[in-house]
Every structure is written in structure tokens, then in C-alpha cells.
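# Structural features, examined
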Amino acid sequence: MGQYDAQVRQQLSKYKHKDLAQRDVLNVFASFSDLKPKIDKYAFNDGSVKDLLCIDGTIPVHYKGAKYNIPVCIYVMDTHPYNPPMCFVRPTKDMLIKPSKNVDANGRIYLPYLHEWKFPNSDLIGLIQVMSVVFGEASPVYAKPQRAAPPRPTYPPGGSSHPQQNTPYPTNSGFMPMPNASGQPQNSGYYPPQNPPTSSYQPSGYPYPAPATGYPYPQSSSITPYPTNTQPQMTTAKTPPVKSQNSLSDDQVRASIQSAVEDKLKRRSKEVLQQMKSEIAVLTETQKTLKQGQETLERITNELEKQHAEVEQNTALLMRKDEEIKQVLNKMEGQQEIDIDEAVVATAPLYKQLLNLFAEENAIEDTMYYLSEALRKNVIETEVFLKHVRELSRRQYVVKALMQKARTKAGLTLL
């Protein structure tokens, strides 16, 4: 977990898209260590005031091979990342704002990147990188001119009214980086100055060289000694000439822009690569699921084909049986009605006797059943029921005895 994760999560809790905003803001702190979050009030043009997350700190700017830090503050809107942030240059007490087409007198930053802001193609890291490139070409701030107090002359012993030391000439201050042994400007560590400060001391009657002006190429020249006049003789001290810095070459500008663009492309490529890897992982999992589903469907299809073949066979069999039944029915329609008693003919008289005895026994059983039903429903009286049951029982006993005798005669097992 990063240094500001918990703080940012708490400060963005009321944002509409807090998850997207939190990811974008935390990426900034992971890439730029000189920036930090805080909650600050922001007044809109309509008079409304909101508590917004402010990214405050300095961003690195490369100017003439040296690295400077430009103080900025970025107000993240509560609808971030679907609306662009409000960006300002926040100069320190030693700086002044230099208005340009990208920065107004109040420090408000105007960039095409902000004007064409569109999520997800735009993010805070890309915005800061564009600021670094733009501010490397035209600084939004410059150092306040500082005027040093004139040195107090010292007089020789004896009360002479003439100063002993030479009158110092105004020299360039140390705010502008000076070339080192390698020919590159030293890193001042904070911001590129606009105008080198000059001394406010000017001896009476002598010309004073105009201070160098203009950004980003400050001018300086060797200071010539003051001319002598009728006043007491003074030995002038010549200030060592300050070598003017070489102007920013096209190759350096191209290298700076190329470096910023390369960093942005690498970051964007890494994000796209990570996104593509995630999509590939999801697609691979989906492919695996689809393959499993395909195998299941193939198995079900094979089973259905087998069942379909069985159904076709059974259908063909049923159609054949149906044709046979129709043929039998057609034959039976032209014949006379069959007597049930003549439908079954035994092969021998003994078997015919057994068949008749078996039929008579079952008839007696049915008769006794229906007599009991009639008695239960009070259709017949008890006396009539008992009379018929006694007669049927005697006959049933005789029939069973004859059946046992006939089966013994026929060589069949007894019941």
C-alpha cells in the first residue's frame, strides 16, 4: 500500500466515480514523489464553493540540460475522470508568474490536453508530463529581482575623507545557473530565473549598465570599469565577465520532447499491455469454458442421435405391427361371429371335461360373489341368500372333486 492510499481513499469517498479517481490519483503519487494530496476549498465562477482534492507540490522541468521544480496545484473535480481538473501555477514568495498563452496572470493553466480531455484517453500522469514539456519550453515563473544594499566604504587611518577600497560594480546574482566544467548549467534545484538581480548601488555621475531581461535566454555582458573624473582617484575593480549561456539547441529541445513522449508511450504501452494480458486471461478462461461446453454438447448430441435411431427403429416396428393388425381386422370383418364356446376346442374328451369343470367352478365363484353383494345391498333376504349359497357350495364341491379325479386320470398335478 502506498504512502497516501488511505488518505486519498478517505478524501475521495464523496466523489461520484471514486474508484476510477482513486486509481488515477494514486498513479500520480507513485510516479511523482514531490506531489502530495490535501483537501482544499475551490470557488467556482458561479460563487459555489466545494471541498476538492488538491494535488500540491512541484513537478520536474528540464531546461537547458538542468532540472528545475515548478510549483503547481491540481484541483481534481468531483466528477473525475470524466471532467478535466483545474490546474494552477502556485509561485512561492521568491517567484513571479510570467503570463503566456498557457498561463494567465492568476496562474491558471490552459493546455490543449485539458481542452481535449476525454476519459480513458486522458489521465493526470499524461497531464503532468505535458506540463513538464510545455514549461521546459516557456517557464511559467521567474525569480523576483533582488537588489543588494550598497557596500559601506572604509576610510584609511588618519581621518582621510577618501575611501580606501575600490567602488564595486554591479554584478549578476547567482540565481541563474552558471556553466560548470562540463559546459552544462548547474542545477539550482527549484526554478529557472527570469531576470538576474542587479545591485542598487550606483556612484554619482557614472553610467549604470541596464539589467539583462528576457526568458529563457538571459543576457549578460562583461562590465567595463567606470571612467575617471575630477573627483578623488579611485581604482576601479573589474568584475570577471560572465559567460552567457548557450541558447537551447534544437537537438536539446527535440531530446526533451522525445524523452517526455517516450516516457508517456512506455507508460501507455505498459497499461495497454497489462490490459491486453487481462483480456487474454479472460478470453482464455472463456475459451476453456466454451470447450467444456462444446464437449458436453457433443456428448448430448451423440446420445440424442442414438435415441433418435432407437425411436426410428421402434417407429418402424410399430408401423409393421399396425399393418399386421389392420390385415387381421380386414380378414375378421368378412367372417361370421365366433361362438366363444366353440372358439376353444380340446384335443381329447378328458381335457374338454376338465375345461368345462374349470369354467363351471369359476362361474360358481362369480355367482356367490354377486349373491353376497346383493345381500349387502339388501336386494335379497338372508334366507334366500343362504339357500342359494348352500346349493352352490354342494355343486362346487362336486365340481372340484371331479376336477381332481380328471387331473389324476390325465396325469396332471393336483391343485
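That block above? That's the structure.
These remarks concern the structure in this document.

Conventions we followed
Numbering of residues starts from 1 in each chain and follows the order in which that chain's sequence is written. Confidence filtering applies because this is a predicted model: local features only for residues at pLDDT of at least 70, side-chain atom pairs given and counted only at 80 or more, and all residues used for totals across whole chains, interfaces and linings. With hydrogens and water stripped out, all remaining heavy atoms of the structure feed into the side-chain values. Only runs of H or I of at least four residues qualify as helices and only runs of E of at least two qualify as strands under DSSP, and these elements are numbered from the N terminus. Burial here depends on accessible area, computed with a 1.4 Å probe over protein chains only, as a share of the maximum for the residue type. Under 20% is buried, over 50% is exposed, and the range in between is partly exposed. Any two residues whose heavy atoms approach within 4.5 Å at even a single point are treated as in contact. Method for areas: the Shrake-Rupley scheme with a 1.4 Å probe, in which residue coverage is limited to the protein chains shown. Lines fitted to C-alpha atoms define the axes here, with helix axes fitted over just the stretch in contact, and angles between the N-to-C directions of these axes take values from 0 to 180 degrees. Oblique is the label for any angle not covered by the other classes, which are roughly parallel (under 35 degrees), roughly antiparallel (over 145) and roughly perpendicular (65 to 115). Each residue is assigned to one class: nonpolar for Ala, Val, Leu, Ile, Met, Phe, Trp, Tyr, Cys and Pro, charged for Asp, Glu, Lys and Arg, and polar for all the others, Gly among them. An expected span of 1.5 Å times one less than the residue number is assigned to each helix. Note on aromatic pairs: the rings of Phe, Tyr and Trp (six-membered ring only in Trp) are paired at centre separations within 6.5 Å, and the planes decide the class, stacked below 30 degrees, edge-to-face beyond 60, tilted for the rest. In these notes, a set of buried Ala, Val, Leu, Ile, Met, Phe, Trp, Tyr and Cys residues joined through side-chain atoms within 4.5 Å is what counts as a nonpolar core.

All right, on to the overall build of the protein chain then. Across its full length, the protein chain carries eight helices and six strands. Ordering the α and β elements of the protein chain from the N terminus gives α-α-β-β-β-β-β-α-α-β-α-α-α-α. Within the protein chain, the fraction of its 415 residues that count as buried is 29%. In the protein chain, once contacts between residues fewer than 6 apart in sequence are set aside, the share between residues at least 24 apart is 57%. As displayed, the protein chain offers around 28500 Å² of accessible surface, 54% of which is attributable to carbon and sulfur atoms.

Okay, the packing of helix H2 (residues 18-31) against helix H4 (residues 124-137) next. Look at H2 against H4: their axes get within 8 Å of each other, and the N-to-C directions meet at 45°. For the element pair H2 / H4, the angle class is oblique. Taking contact as the criterion, the partners of Asp24, Val25, Asn27, Val28 and Ser31 in H2 are, on H4, Leu124, Ile125 and Ile128. A breakdown of the residues in the contact of H2 with H4 according to their chemical character gives five nonpolar, two polar and one charged.

An α-helix turns once every 3.6 residues. As a result, residues three or four positions apart point the same way. Helix length check: helix H7 (residues 349-376), at 28 residues, gives a terminal C-alpha distance of 41 Å against a target of 40 Å (1.5 Å per residue), a fit within 8%. Every buried residue belonging to H7 is among Leu354, Leu357, Glu361, Ile364, Leu371 and Ala374, and all of these are buried. Contacts made by the buried residues of H7 are with helix H8 (382-410). In the stretch just after H7, asparagine 378 is the one whose phi turns positive, near 60°.

It is worth spelling out the packing of aromatic side chains at this point. This model, assessed by the stated rule, comprises eight aromatic pairs. Judged by centre distance (4.9 Å) and plane angle (80°), the ring pair of tyrosine 42 and phenylalanine 44 falls under edge-to-face. A relative accessible area of 24% means that phenylalanine 44 is categorised as partly exposed. Ring pairing ties together the aromatic residues Tyr42, Phe44, Tyr75 and Phe88, which thus form one cluster.

Turning our attention to the nonpolar core. Of all hydrophobic cores here, the largest spans 45 residues; its most connected members are Val25, Ile55, Tyr75, Leu124, Leu127, Met131 and Phe135. Of all the elements in the fold, those that place two or more residues in this core are H2, strand E1 (35-43), strand E2 (49-63), strand E3 (66-76), strand E4 (86-89), strand E5 (95-97), helix H3 (112-115) and H4. Here this core gets seven residues from one element, more than from any other, and that element is H4. Beyond its immediate sequence surroundings of up to four residues, methionine 131 is in contact with Ile59, Ile74, Cys87, Ile109 and Leu111. In this structure, Leu357, Ile364, Val389 and Met403 belong to the second largest nonpolar core, which totals eight residues.

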